Amino acid sequence: MLLHPEQYTDEQMDQMLNETEVSTPDANEEWRKFEAEHLNSKFYTLNSKLIKIAAMFIGVLMLSGIAYAAVHIIRSQETRDRSQETTAVANATLSTVNSQLAEQDSVLHQPVVFEDAELNTILREVATFYQCETIYKNDKVKHVRLYFTWDKRKPIDEIVETFNKFERFHITRENQKLIVE
């Protein structure tokens, strides 16, 4: 009939279709049967309880993890903020100290001018600055008067060479001792 419908009259088709009864199952009845066989078993009840407990445990763990992450993020942000504030304060303090040191350095390294000063006075300051001891072989040399400009940035050996250009005395350096002859 399906392959060659033209071979049948409309009445014949209606008759064949009416004679065919297909039973449709009742969905509610089938569900009750399935529930009786599978869902009411002890295994399913126990299994569903375990699943519910596991789901609650996973939910609690997830919420705890989220809370921990939030607290950690907030604390790290606060630590970062404090660190930035500390760095800013330290930088400000450092720049102030650097400027003060620069001022002191410029004052410390300004040339010192001695006008008509005794050699003893001049060498006392030079020796103190370079942490040396002064030894005089002749006491008369202590009272020689000089005009001298001392540049503190120069090393002690250059200062000794400059003093030795004077003809009235001679200075030698041995370790941390200045020997005046």
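First, a word on what this report is: a plain description of the structure on this page. Along each chain, the written sequence defines residue order, and numbers are assigned to residues from 1. Two thresholds apply to this predicted model, a pLDDT of at least 70 for residue-level local features and 80 or more for giving and counting side-chain atom pairs, whereas whole-chain, interface and lining totals are computed over all residues. To obtain the side-chain values, all non-hydrogen atoms of the structure were included, while hydrogens and water were left out.

1. Thoughts on helix α5 (residues 156-163)
- Only protein chains enter the accessibility calculation, which uses a 1.4 Å probe; a residue whose area is less than 20% of its type maximum is buried, one above 50% is exposed, and one in between is partly exposed. Numbered from the N terminus, helices here are DSSP runs of H or I no shorter than four residues, and strands are runs of E no shorter than two. When α5 is considered as a whole, its buried residues turn out to be Ile156, Ile159, Val160 and Phe163. Down the axis of α5, the buried side of the element spans an arc of 100°, and every buried residue falls inside it.
- Note on contacts: a residue pair qualifies if any of its non-hydrogen atoms lie within 4.5 Å across the two residues. Contacts from the buried residues of α5 go to α4 (119-129), β3 (145-150), β4 (171-174) and β5 (177-180). This arc is built from the directions going out from the helix axis to the C-beta atoms.

2. Regarding the pattern of salt bridges
- Within this document, salt bridges are pairs made up of a side-chain nitrogen of Lys or Arg and a carboxyl oxygen of Asp or Glu, the two lying within 4 Å of each other. Applying the stated criterion to the full structure yields eight salt bridges.
- For Asp116, the salt bridge goes to Arg145, with nearest N and O atoms at 3.3 Å. Taken together, the positions of Asp116 in strand β1 (residues 112-118) and Arg145 in strand β3 put the pair 29 residues apart, joining distant regions of the chain.
- Taking relative accessible area as the criterion, Asp116 reaches 34% and is therefore assigned partly exposed.
- Where Arg173 meets Asp157, a salt bridge forms, and the shortest distance between an N and an O atom there is 2.9 Å. With Arg173 in strand β4 and Asp157 in helix α5, the pair connects residues that are 16 residues apart, well separated along the chain.
- A residue is classified by how much of its surface remains accessible, and Asp157, at 40% relative accessible area, is partly exposed.
- Put simply, Asp116, Glu118 and Arg145 are held in one network by salt bridges that share partners.

3. Thoughts on the sheet that holds β4
- A strand pair is defined by DSSP finding two or more bridges across the two strands. Spatially, β2-β5-β4 is the arrangement adopted by the three strands of the open sheet, whose pairing is mixed. Where the open sheet ends on each side, the last strands, each with one partner, are β2 (133-136) and β4. Strand after strand, the sheet turns through a mean of 25° between neighbouring axes, direction not considered.
- Note: β2 against β5, four bridges, orientation parallel. Under this scheme, a helix contributes an axis fitted over its contacting stretch, all axes are lines through C-alpha atoms, and angles between N-to-C directions fall in the 0 to 180 degree range.

4. As for the pairing of β4
- Two elements, β4 and β5, share four bridges in a ladder whose sense is antiparallel. Looking at the pairing, Thr172 lines up with Ile179 of β5.
- The hairpin formed by β4 and β5 contains two residues between the paired strands, and Asn175 there has a positive phi angle of roughly 55°.

5. Quick look at unusual backbone geometry
- Even without being glycine, Asp116 reaches a positive phi, approximately 50°.
- One non-glycine residue, Asn175, adopts positive backbone phi at about 55°.
- Structurally, Asn175 is set in the loop between β4 and β5.

Spatial relationships are all this shows, so hold off on functional conclusions.
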